[in-house]
Amino acid sequence: MNTKHKNRWQDSSVKIFATLIAILLLFSACGTPKRMVVAESKTMPLWYANPPKSTTSTLYATGEGESREEAIANALSAMASTLSVSISSQFKTKNVVQEGVIESVQTTSTNEVQSDVQKIRISHYEVAQTEEFGFKKYLVLVQSEKKKLFESLQKELEQKFSLAQTKETSNGLKQLSIYKEQKVLLQSVPNMLTVMSVLNESFDGSKYIKKLKEFDERYAELLSSISFHIESDGESQNLKAPIQKGLSAKNFTLKESSGKNHFKIKLTSQIEQASSYGFTLARCAIQITTKDPNGAIVGSNKLNITGQSTQGYAIAKENIAIKLNEMIKKEGIAKVLGLEL
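Residues numbered from 1 in each chain as written. Predicted model: local features only at pLDDT ≥ 70, side-chain atom pairs only at ≥ 80, totals over all residues. Heavy atoms only, no water.

Draft legend 1. Structural context of the overall build of the protein chain. Per the secondary structure count, the protein chain includes 11 helices and eight strands. Going through the 341 residues of the protein chain one by one, you find that 33% of them count as buried. A fraction of 66% describes how many contacts in the protein chain between residues 6 or more apart in sequence connect residues 24 or more apart. (Helix = DSSP H or I, 4+ residues; strand = E, 2+ residues; numbered from the N terminus. Buried < 20%, exposed > 50% of the residue type's maximum accessible area, 1.4 Å probe, protein only. Contact = heavy atoms within 4.5 Å.)

Draft legend 2. The arrangement of the packing of helix H5 (residues 146–164) against helix H8 (residues 206–225) in detail. Two elements in contact, H5 and H8, have axes separated by 12 Å at closest approach and are oriented at 20°. It follows that H5 is roughly parallel to H8 by the angle criterion. At the point where H5 passes H8, the crossing takes the left-handed sense. Where H5 abuts H8, its residues Gln154, Leu157, Glu158, Phe161 and Ala164 lie against Lys207, Tyr208, Lys211, Leu212, Phe215 and Arg218. Class assignment for the residues of the contact of H5 with H8 results in six nonpolar, one polar and four charged. (Axes fitted to C-alpha atoms, helices over the stretch in contact; angles between N-to-C directions. Parallel < 35°, antiparallel > 145°, perpendicular 65-115°, else oblique. Left-handed = near helix turned anticlockwise from the far one by under 90°. Nonpolar A, V, L, I, M, F, W, Y, C, P; charged D, E, K, R; others polar.)

Draft legend 3. Inspection of the pattern of salt bridges at higher detail. Tallied over the entire structure, the rule returns four salt bridges. Measuring nitrogen to oxygen at the nearest pair gives 3.4 Å for the salt bridge that ties Asp216 to Lys183. Of this pair, Asp216 sits in helix H8 while Lys183 sits in helix H6 (residues 172–186), and the two are 33 residues apart along the sequence. Note on Asp216: relative accessible area 35%, which makes it partly exposed. We note a salt bridge from Lys317 to Glu235, for which the minimum N-O separation is 3.0 Å. (Salt bridge = Lys/Arg side-chain N within 4 Å of Asp/Glu carboxyl O.)

Draft legend 4. Here's a closer look at the packing of aromatic side chains. Within this structure, the stated rule accounts for seven aromatic pairs. It is Lys183 that lies over the ring of Tyr219; its NZ or CZ is 4.9 Å from the centre. The residue whose ring lies beneath Lys211 is Phe161, and the NZ or CZ to ring-centre distance is 5.6 Å. (Phe/Tyr/Trp six-rings, centres within 6.5 Å; stacked < 30°, edge-to-face > 60°. Lys NZ or Arg CZ within 6 Å of the ring centre and 35° of its normal.)

Draft legend 5. Looking closely at the confidence of the model for the protein chain. Taken as a whole, the protein chain shows an average pLDDT of 83; of its residues, 77% reach a score of 70 or greater. Ignoring residues within four places in sequence, the model shows residues 96–109, a span with pLDDT below 50, making seven contacts including any to other chains. (pLDDT = per-residue confidence, 0-100.)

Draft legend 6. Local environment of the sheet that holds strand E2 (residues 126–134). Read across the open sheet, the three strands follow the order E1-E3-E2; overall the sheet is antiparallel. Strands with a single pairing partner mark the edges of an open sheet, and in this sheet they are strand E1 (58–65) and E2. Within this sheet the neighbouring strands show an average axis-to-axis angle of 15°, counted without direction. Across seven bridges, E2 lies against strand E3 (residues 137–145) in antiparallel orientation. Residue pairing in the sheet places Glu126 in a bridge with Gln143 of E3. Along the sheet face, H5 touches E1 and E3 and points at about 80° away from the line of E3. (Pairing = 2+ DSSP bridges.)

Draft legend 7. Expanded view of H5. End to end, H5 covers 27 Å across 19 residues, agreeing with the expected 27 Å (1.5 Å per residue, within 8%). Among all positions in H5, only Lys146, Leu149, Phe150, Ser152, Leu153, Glu156, Leu157, Lys160, Phe161 and Ala164 are buried. Those residues of H5 that are buried are in contact with E1, E3, H6, helix H7 (189–199) and H8. (Expected span 1.5 Å × (residues − 1).)

Draft legend 8. Spatial organisation of empty space enclosed by the protein. Tallied over the entire structure, the rule returns one cavity of 30 Å³ or more. Taken as a whole, the largest cavity holds about 30 Å³ of empty space. If you go around the largest cavity, the residues you meet are Phe161, Ala164, Gln165, Lys211, Glu214, Phe215 and Arg218. Elements that contribute at least two residues to the lining of the largest cavity include exactly H5 and H8. Counted by class, the lining of the largest cavity contains three nonpolar, one polar and three charged residues. (1 Å grid on protein atoms, 1.4 Å probe; cavity = no way out; pocket = protein on both sides within 12 Å on 5 of 7 lines; lining within 4 Å. Points joined across faces, edges and corners; volume = space filled by probe spheres on them.)

Below is the structure:
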């Protein structure tokens, strides 16, 4: 065998040998059993699986969430639910001696209170236990001493009434707006009193109920003292009715009068007639101005409304009033007038 043929044979043998080795390695890899990696399951902590029960002095609740903060928030919501159950139980005890319609009314009232209790902020609590149980999963146990929770709610009540009594102004409309803000601030008071009576059976909330009643009386008295009178130019005559309707819906008095809480609303309009695609258009630019008894402007607004009709210009003008009425329903009379009501 000459050298040339010998080298070719050697190269071929090497290639065949390398191929056989590769095939053997491939089958060897395929035949090797794969190891299964099993994540070790965590045991639910006992304090979460079997949490302590609330006692006469302490409330307990658990919660979970994607973060520690969310878990705490859910636990506090659960704690509020336990208060709701206690309240419901008390109401049902009272209902035992009731029958018929009265019992139905009280049961409905109980359900409403339960729902509103969920909105009450539990500001005094301690995080007794916390654990990161898995990816984006936190577990917590919170506790609150009934006495301290009661005291925190009582402090919050005092702050609410203190804020409601510090803002006074000589402008009737401005004062009414302030009262409305304060009514929102105080709307949780009845349910707070209910919760406090559950936390402390000796608690007497009559002084707070009295304060709430006095505040409501001041608001009602101020509202009844405020009156409006609407004036308009010739083009705005048909716009008075929607404004009157919107004010009446808010329980305002409409009359010609005088006094520190009487306000005048002036309506002026500029209307242009046009036509488009078989419709008659009435393009109206409306100026609304409200003045106090001293003639000072307390509110104003400009509106652009286009009325339309296939039955002529007069009907198109009436359509302006219809659209103004719809605007008041949607946006509110206060926004249309540019006032704080």
